[in-house]
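An overview of the molecular structure
Each chain, written out:
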Amino acid sequence: YRGATSVGSDIISMIIHKYAHIPLGTMVIIVDSIIALTSFAIGGDIRIPIFSIIFIYLEGIVINKIVTVNKYQTLLIITDNVEGMRDLILKELERSGTIFTGKGLYHNVERNMIYTTVNKKEYNVIKFAAKKLDPNCFITIISNTETLGEGFQPLPEK
């Protein structure tokens, strides 16, 4: 609209996001809104900055949903082939996890469940290997907004 451009404000947002650990979409909203408000100070017409801020806000929400979310998936894998899944996760993916023993509600039978968090590429490896390892396994995928700790983002200092 009228030659609009991000004029590099996305790069400013990304730099601040990296060091301030504020979600990228939120940084885009803050930086671009400041720029839009300066156009009001220069031009005096409030309509363009108001419409700009509305669209900037929507853009920030979309960025947070698409870019930030779903970076990692937590998998809950119920399987009878715990050793095969364990080897896949530990040896092939070089990840770790936790094994829980639980009792199914329907059949009242004890089964093992592996709890692990992986990135998208590793998730696809598990997803496609699961049928060979245990055709009757059950996998629940939980999308994470943030994963902290060894092998992921460091725990915050403060």
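Report follows, based on the coordinates.

**Let's talk about the side chain of E122**
Tracing the chain through its elements places E122 in helix α5 (residues 120-133). Setting aside its immediate chain neighbours within four residues, E122 contacts L93 and R95.

**Re the pattern of salt bridges**
Tallied over the entire structure, the rule returns three salt bridges. K91 is the partner of D87 in a salt bridge, and the nearest nitrogen-oxygen pair spans 3.7 Å. A residue pair is termed a helical-turn pair when its members lie 3 or 4 positions apart in one helix, as D87 and K91 do in helix α4 (residues 82-92) at four residues. Residue K91 is classed as exposed on the basis of its relative accessible area of 62%.

**Things to note about unusual backbone geometry**
Of note, the phi angle at E94 is positive, near 55°, even though the residue is not glycine. Relative to the helices and strands, E94 resides in the loop between α4 and β2 (98-103). The backbone phi angle of N108 is positive, close to 60°, even though this residue is not glycine. Among the structural elements, N108 can be located in the loop between β2 and β3 (110-119).

**Some thoughts on α4**
A turn of α-helix holds 3.6 residues, and therefore any two residues three or four places apart point the same way. Along α4, the residues classified as buried are V82, G84, M85, L88 and I89. Looking at the packing, one finds that the buried side of α4 touches β1 (72-79), β2, β3 and α5. Positive phi appears at E94, one or two residues downstream of α4, with a value of about 55°.

Cut-offs and rules
- Note on numbering: residues in each chain are counted from 1, in written sequence order.
- Where totals are concerned, whole chains, interfaces and linings use all residues; where local detail is concerned, this predicted model gives features only for residues with pLDDT of at least 70, and gives and counts side-chain atom pairs only at 80 or more.
- Heavy atoms throughout the structure, all of them, feed into the side-chain values; hydrogens and water do not.
- Helical segments are the DSSP runs of H or I of at least four residues, strand segments are the runs of E of at least two, and each set is numbered from the N terminus.
- Only heavy atoms enter the contact rule, under which two residues are in contact if any of them lie within 4.5 Å.
- Think of a salt bridge as a Lys or Arg side-chain nitrogen and an Asp or Glu carboxyl oxygen that are within 4 Å of each other.
- Using a 1.4 Å probe on the protein chains alone, a residue whose accessible area is under 20% of its type maximum counts as buried, one over 50% counts as exposed, and one in between counts as partly exposed.

Keep in mind these numbers describe shape, not what the thing actually does.
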